[in-house]
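Chains, contacts and geometry: an overview
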Amino acid sequence: MTKPLRIVDLTNGWAGPMATCLLGDFGAQVIKVESPSHMDWWRGSGLQGSPDGPKLYEQSPTFNTVNRNKIGIALELTHPRGRELFKELIRVSDVLVANYPPRILRKLGIDFDALLAVNPKLVMVTLPAFGNTGPESEYVGFGCTTEAMAGITGVSGYAGGPPQMVSNAIGDPVSALNACFASLVGMFEQERRGAGISVDLSHVEGLLPLNAEALLDYTVNDRVQEPIGNRHRTMAPHGCYPCAGDDGWVFISIASDAEWEKFCQVLGQPAWTQKEELATAVGRKAAENALDEHLAAWTKDQEHTAVMEQLQQAGVTAGAVLSGPEVMSDAHLAAREFLLAIDREEAGMHLYPGFVPAFHPKPSEVHHPAPCFGEHNAKVFGDILGLAEEEIQQLESERIISQEPVLP
Amino acid sequence: MKHALSGIRVVDLTHYIAGPYCTKLLADYGAEVLKIEKPGQGEGGRGLPPFFADQPGVERSGLFSFLNTNKQDLTLDLKTDRGREIALALVGQADVLVENFRPGVLDRLGFTAEALEQANPHLVHTSISNFGSSGPYRDYRMTDGVAYALGGWTYPMGELDRPPVQPGGAFGQYIAGLYAAIGTLQAVRDRESLNAVQHLEVSIQEALVATTLYDFVAFSYSGFIRQRSGRQFHLGYPNLVTLPCADGYVGIHAGLPHQIYALLKMVGRPDLANDPRFQTVATLGANAQELHAALLPWLKDQKKEDIYHAAQARGIPACPIPSPKEVVEWVHLKERGHFLEIAHPEGGTLKIPGPPFREYGKPLWPLTRAPLLGEHTQEVLGKKLGYAAADVRQLRAEGIV
């Protein structure tokens, strides 16, 4: 039986926590470390409505999404005893994922060299925005900063318009996936060497492959790509068309000449579709503006899902532009039971993204919702590190561990 | 870390972007990847732009050359009995099979679950598809634009009085490839304890939904619907914004109150730090336009590079909005040696981004260029299956390789 990994998660925000969340989904024991004086700042993210309720820090939709399948402790790393206990934890763990800047880890005395001394087989993954070395390694950024620096913002947006941030800070979730992959590759390397390894992951460098087409268009052909809106470089028509209802839209891509023929059939071969030059992508591309108007006139009084179903049944590529609540009720995701309802203390029952990938025959499971602040102090310091109950109480009285955060 | 995955043998039946990116990630970190393509034109990824000198051709795609580094390549007609037998024999010697056929195609080709289990009872079988192998959209067609729409990425992007706008690029396919690579490694780790074929499935739609957070989960909590908010990032942090400057645009990403005060000081408006409009996340959100207006007079005379370094020196998250050219020429990446140069027979010296992570303090390692179509057919069939040169000639004459 492969022993499940034990992961120490010294991260906050989105990218780091989502990386260890995936490892938790896979069955690893993930121990999230916060500090009594500094809770994960993401506990304040995504809050709407009443800003004054009790224990708001347990009610963040975003924090609670990316911290499931972990247990959580609050340990004061600025205190010498706190650091000692952290090292004890590292001694009995396989992987540390940390997203503090290198200088902070050094200052706290928990950089790789210090930790390797207590656990010579440690895999440590650090993920600063710009990497651990280089002239800008101490620079800081959010997901939208790293997205921009990978050149993604610069090629997104309406044609001829200003650059446009991607809607969901793509730098964060992609860095999460890279950090998860780095942790697993790191484990293989550790087993191969029989010794620990420190892995340097720059958010930006992990994002560059996603923008490879634009970057290579420059390195190969000196072409500098700009935003093209909802269009495609070769396919036409290709766009986002208005539908019935409040802010309803459908995305249609005529991906081939054969799809154009099918599309014309669905519409009943109206006169505007019958011009010979429209039979080829080049011809349609030249007539794109006029075609967009015809398409919009056809879609505008229909439901977006109805347009999608009708076109897809006929073999034409189309998709409803789903808002958040529409994702939640999407018929396909529902049929696949993708979204998970998880009940959590202080937050109640909510829907969260399901497991990617889906494994057979051993599917992932939710074994724990996101931990409340310091929820598992007793389990980790008692059961795992073997401290006596009086010692744990002493640590609490000195606020080296706690279940009550200092609020910012 | 170039040998980290060196014990892992992968049979790669993938095409276009999602599948090849998954096996590239494995190959660049040392796995042995055997890419199987159809004889003649090869897989569809060879038809993806940009092309060397803009001239399409089987060996002329820059993107294919990026997505297939460190792999070996053989051609095989999987629609023939002999081709299938050879592929199954290779699967029998491998640890992992990765494919991104449309649901049902693998079965029709004769690679049923039973056939795979018979070939290799410990196989890790990784599948990537548009919508997964079940459900009403199973056979729906997908482009990147449609993937973003159904993954919930498009609706909140753009201006409120215009249509939503898709992100630029093929991110859904890369994200699915990443999920598949992660799942594959996890399954290889679990293999001994499970003693069975493991199948893992990545749906591109689900991969996109799983990488959003601010929309349906936030709605579930509070009924909040995130609307398009132009060049502002809308939700809790109104001051993540793209603003014009003297020579282009900058990203001002001062999300937290102390960063906003440092920013106001930098632009010569420390007086506004005590302004009641800019005190809490809530009031900053309501008065974001006024805050941005206060920054514009200073920004309009400054260059984006200068703003970047000045802001970062004060601990303020800010950046230029670089073009692809400026990314390739960025000094920091040069110092880290991140872009790699690879000689290609038709493309000259190809410059590509390197692997996403490295050992701390160590340089990246050279990658082997993407294989030519069928470049290793003889070698693989000889070494792995003991075929003599004459056998391979015979297979070639029959059009099987």
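Located above this text is the structure these notes cover.
Computed from a predicted model, the values in this text were never measured in an experiment.

**Some thoughts on the sheet that holds strand β8 (residues 248–253) of chain B**
Residues and elements named next belong to chain B. Taken together, the 3 strands give an open sheet; going across it, the order is β7-β8-β9, and neighbouring strands pair in antiparallel fashion. Across the chains shown, the open sheet's two edge strands, defined by having one partner strand only, are β7 (240–245) and β9 (318–320). Averaged over all neighbouring strand pairs, the angle between strand axes comes to 25°, with direction disregarded. Pairing analysis gives 3 bridges linking β8 to β9, with the strands arranged antiparallel. Bridging across to β9, Ile252 finds its partner in Ala318. Set on the sheet, helix α12 (residues 288–299) makes contact with β7 and β8; between it and β7 the angle comes to about 35°.

**Overview of the sheet that holds strand β6 (residues 197–201) of chain A**
As summarised here, the arrangement of the 7 strands in space is β3(A)-β2(A)-β1(A)-β4(A)-β5(A)-β6(A)-β12(B), forming an open sheet in which the pairing is mixed. With one partner strand each, in any of the chains shown, β3 (71–74) of chain A together with β12 (357–359) of chain B form the two edges of the open sheet. Averaged over all pairs of adjacent strands, the angle between their axes in this sheet comes to 20°, without regard to strand direction. Note: strand β1 (residues 6–10) of chain A against strand β2 (residues 29–34) of chain A, 4 bridges, orientation parallel. Among the inter-strand pairings, Val8 of chain A is bridged to a residue of β2 of chain A, identified as Ile31 of chain A. Against the sheet, helix α1 (residues 15–25) of chain A touches β1, β2 and β4 (95–98) of chain A, its axis set at about 165° to β1 of chain A. Against the sheet, helix α16 (residues 377–384) of chain A engages β2 and β3 of chain A, with an angle of about 90° to β3 of chain A.

**Digging into the environment of Ala170 of chain B**
One can find Ala170 of chain B in the loop between α6 (144–150) and α7 (171–194). Since 22 C-beta atoms lie within 10 Å of it, Ala170 of chain B is described here as buried. Other than its neighbours up to four places away in sequence, Ala170 of chain B contacts Glu213 of chain A together with Ile17 and Asp144 of chain B.

**Comments concerning the packing of helix α7 (residues 171–193) of chain A against α7 of chain B**
Across the interface, α7 of chain A lies against α7 of chain B with an axial gap of 10 Å and an inter-helix angle of 25°. By the angle between their axes, α7 of chain A is roughly parallel relative to α7 of chain B. Relative to α7 of chain B, α7 of chain A is oriented so that their crossing is left-handed. Contacts between α7 of chain A and α7 of chain B pair Val174, Leu177, Cys180, Phe181 and Leu184 of chain A from the former with Ile175, Leu178, Tyr179, Ala181, Ile182, Leu185 and Gln186 of chain B from the latter. For the contact of α7 of chain A with α7 of chain B, a count of residues per class yields 11 nonpolar, 1 polar and no charged.

**Looking at the packing of helix α1 (residues 18–28) of chain B against α7 of chain B**
Each pair of packed helices gets described by two things: the angle between the helix axes and the distance between those axes. Residue and element names in this part refer to chain B. Closest axis-to-axis distance for the α1/α7 pair is 7 Å, and the angle between their directions is 45°. Taken together, the axes of α1 and α7 lie oblique to each other. Between α1 and α7 the crossing geometry is right-handed. Along its contact with α1, which presents Ala18, Gly19, Tyr21, Cys22, Leu25 and Leu26, the element α7 presents Gln173, Tyr174, Ala176, Gly177, Leu178, Ala180, Ala181 and Thr184. When its residues are assigned to classes, the contact of α1 with α7 shows 10 nonpolar, 4 polar and no charged.

**Remarks on helix α3 (residues 81–92) of chain B**
Residue and element names in this part refer to chain B. For α3, built from 12 residues, the straight-helix expectation of 16 Å at 1.5 Å per residue is met to within 8% by its first-to-last C-alpha distance of 16 Å. Buried residues of α3: Gly83, Ile86, Ala87, Leu90 and Val91, and no others. Down the axis, α3 shows its buried residues gathered within 145° of arc, on one side only. Buried residues along α3 sit against β1 (9–13), β2 (32–37), β4 (96–99), α5 (113–119) and α16 (377–385).

Parameters and conventions
- Residues numbered from 1 in each chain as written.
- Chains lettered and ligands numbered in written order.
- Predicted model: local features only at pLDDT ≥ 70, side-chain atom pairs only at ≥ 80, totals over all residues.
- Pairing = 2+ DSSP bridges.
- Helix = DSSP H or I, 4+ residues; strand = E, 2+ residues; numbered from the N terminus.
- Axes fitted to C-alpha atoms, helices over the stretch in contact; angles between N-to-C directions.
- Contact = placed C-beta atoms within 7 Å.
- Buried ≥ 20, exposed ≤ 12 C-beta atoms within 10 Å, placed from the backbone.
- Parallel < 35°, antiparallel > 145°, perpendicular 65-115°, else oblique.
- Left-handed = near helix turned anticlockwise from the far one by under 90°.
- Nonpolar A, V, L, I, M, F, W, Y, C, P; charged D, E, K, R; others polar.
- Expected span 1.5 Å × (residues − 1).
- Arc of directions from axis to C-beta.

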